[in-house]
Amino acid sequence: MYVLCSPCILNPSLRAKGITHPSDIALFARSIGRCKKFGIDVVPLPCPETQYLGPDRKPGTFLERLNTPEFATLLDELCGTVNEIIKERGPPLCILGVNSSPTCGVTSTYYGAEGDKPAKRAGRGVFYAKFPDIPALDVAEFSKYRIYLAAPLFSESERSYNSAISELLRSHYFEVFLPQDTGDNHAVRDRQEHVRIYNHNRRAIRDADIIVAIIDGADADSGTAWEMGYAAALKKPIVAIRTDFRMTGSHERVNLMLEQTGTVVTNKNALLTALGVPVDKAPEQPVKKPGTGIITSFEI
């Protein structure tokens with residue numbers, strides 16, 4: 001398994017001058033760390049802007065700097081090179097890009113002011129637009145992969161379902177903290193153990209990038225509801241899965257405070273979609289063991 005990657009994620013010096021901040025570097029490092037953790041090869045794409053304008057360039061839109069026949073020819077040549085990689089290795093898991101880039105933006109790009117349209121608009125950059133059939137993810141989204149799985153864990157069926165959801169997430173390259181895996185034995189725990197579990201789980205919520213909550217049942221589990229509330233106070237993104245078709249009100253599938261806390265989905269595929277997983281590219285094999293997985297020989 002591999003991803004195609006904007007080369008500036010591996011080498012931020014390729015970006016236009018003055019646009020890279022420490023927060024960008026942190027996002028890049030976390031994304032590469034996710035690939036290393038799950039043994040995903042990272043294949044850098046060529047950088048059209050560097051090849052055309054050189055490394056010492058100022059920021060600019062496509063219309064200002066790149067809207068030329070020569071650049072169009074260069075894009076076609078680079079697309080041919082990338083298609084050869086795909087032909088040899090098979091389809092990638094996705095393309096990793098950096099939003100706002102005129103060439104490698106995923107959901108937004110600085111295309112340039114045109115008529116009444118703003119300089120920044122929705123859509124892919126001009127290079128990534130050449131590969132419409134390959135899922136593309138912004139590096140800021142891909143870097144969010146540490147999940148806290150909040151769920152009731154008081155029966156065999158609950159724990160089995162929790163484990164199934166956990167394995168589903170791990171198979172899509174998420175790191176999952178599942179409280180029931182931390183050795184909680186409610187039959188023998190004392191007050192000191194209560195404090196340890198509370199602090200351990202609270203710290204895990206703070207460390208998570210995303211909270212996934214299972215809220216099936218006539219009413220959501222009280223512990224899960226607390227975890228969702230705490231995560232909401234920390235401004236963590238929350239995705240709740242409720243396969244239970246019962247309604248709790250005229251318009252609510254579950255308690256309205258929980259329903260308004262995050263995104264509520266009703267099946268596993270919708271859960272993956274809400275987490276930004278390209279479902280049609282889901283891996284069919286078990287997750288690989290960790291490895292370096294970085295390929296840096298591709299020319300920019």
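Keep in mind that what you see is a predicted model, and the values were worked out from it rather than measured. (Residues numbered from 1 in each chain as written. Predicted model: local features only at pLDDT ≥ 70, side-chain atom pairs only at ≥ 80, totals over all residues. Heavy atoms only, no water.)

Right, let's talk about the environment of Ile-205 for a bit. Mapped onto the fold, Ile-205 is located in helix H8 (residues 191–207). Along the sequence, Ile-205 and Lys-236 sit 31 residues apart, while their C-alpha atoms lie 8.7 Å from each other. (Helix = DSSP H or I, 4+ residues; strand = E, 2+ residues; numbered from the N terminus.)

Looking now at H8. With 17 residues, H8 should cover 24 Å at 1.5 Å per step; its first-to-last C-alpha distance of 24 Å lies within 8% of that length. Residues of H8 that are buried sit in contact with strand S7 (146–150), strand S8 (175–177), strand S9 (210–214) and helix H9 (222–233). (Expected span 1.5 Å × (residues − 1). Contact = heavy atoms within 4.5 Å.)

What follows is about the confidence of the model for the protein chain. Taken residue by residue, the protein chain gives an average pLDDT of 88. The fraction at 70 or more is 89%. Within the protein chain, the element-level pLDDT minimum falls on helix H10 (residues 256–259), averaging 79, and the maximum on S7, averaging 97. (pLDDT = per-residue confidence, 0-100.)

Turning next to the sheet that holds strand S6 (residues 136–138). The strand order S2-S1-S3-S6 describes an open sheet built from four strands, whose pairing is parallel. If you trace the sheet from one side to the other, it starts and ends with strand S2 (41–44) and S6, each paired once. Strand-to-strand, the axes of this sheet are offset by a mean angle of 30 degrees, without reference to chain direction. Alignment of strand S1 (residues 2–5) against S2, held across four bridges, turns out to be parallel. Bridge pairing in S2 places Leu-4 opposite Val-43. (Pairing = 2+ DSSP bridges. Axes fitted to C-alpha atoms, helices over the stretch in contact; angles between N-to-C directions.)

Turning to the sheet that holds strand S10 (residues 238–241), a few remarks are in order. Here five strands make up an open sheet; going across it, the order is S8-S7-S9-S10-S11 and the pairing parallel. The sheet is open, and its two borders are formed by S8 and strand S11 (263–265), each paired with just one other strand. For this sheet the average axis-to-axis angle between neighbouring strands, irrespective of direction, equals 25 degrees. Here S7 pairs with S8 via three bridges, running parallel. By the bridge assignment for S8, Tyr-148 is matched with Phe-177. Contacting S7, S8 and S9, H8 runs over the sheet at an angle of about 135 degrees to S7.

Bringing the pairing of S7 into the picture now. Taken across its five residues, S7 has four buried, putting it largely inside the fold. The parallel pair S7 and S8, bridged by helix H7 (residues 156–170), forms a crossover whose chirality is right-handed. With four bridges connecting them, S7 and S9 associate as parallel partners. Within S9, the position partnered with Ala-150 by the bridge is Ala-213. (Buried < 20%, exposed > 50% of the residue type's maximum accessible area, 1.4 Å probe, protein only. Right-handed = clockwise from strand over helix to strand, strands pointing away.)

Turning next to the side chain of Ser-143. Assignment of secondary structure puts Ser-143 in the loop between helix H6 (139–142) and S7. Residue Ser-143 is classed as buried on the basis of its relative accessible area of 1%. From its side chain, Ser-143 meets the backbone oxygen of Ala-140 in a polar contact 2.9 Å long. In this view, Ser-143 contacts Leu-27, Arg-30, Ser-31 and Asp-209; residues no more than four positions away in its chain are not counted. (Polar contact = N/O pair within 3.5 Å; in protein donor to acceptor, adjacent residues only side chain to side chain.)

A few words on the nonpolar core. Counting residues in each nonpolar core, the largest one holds 40 residues, and the members touching the most others are Val-3, Ile-9, Leu-169, Phe-174, Leu-271 and Leu-275. Tallying contributions element by element places helix H2 (residues 22–38) first for this core, with five residues. Residue contacts for Leu-271: discarding those within four places in its chain leaves Ile-165, Leu-169, Val-212, Val-239, Ile-241 and Val-265. Judged by nonpolar contacts, the second largest core, of 23 residues, contains Val-82, Ile-95, Phe-127 and Tyr-128. (Core = buried A, V, L, I, M, F, W, Y, C linked by side-chain atoms within 4.5 Å.)

This brings us to the packing of aromatic side chains. Evaluation of the coordinates by the stated rule reveals eight aromatic pairs. Ring geometry for Trp-226 and Tyr-230: centres 5.1 Å apart, planes at 20 degrees, overall stacked. Of the two residues, Trp-226 and Tyr-230 both sit in helix H9, four residues apart, roughly one turn of that helix. Look at Trp-226 and you get partly exposed, because its relative accessible area is 40%. Here Tyr-230 falls in the buried class, since its relative accessible area comes to 19%. Taken together, the aromatic side chains of Phe-127, Tyr-128 and Phe-131 make up a single cluster linked through ring pairs. Across the ring face of Phe-38, the terminal group of Lys-37 is positioned such that the distance to the ring centre comes to 5.9 Å. One Lys or Arg, Arg-89, reaches over the ring of Tyr-2 and ends 4.5 Å from the middle of that ring. (Phe/Tyr/Trp six-rings, centres within 6.5 Å; stacked < 30°, edge-to-face > 60°. Lys NZ or Arg CZ within 6 Å of the ring centre and 35° of its normal.)

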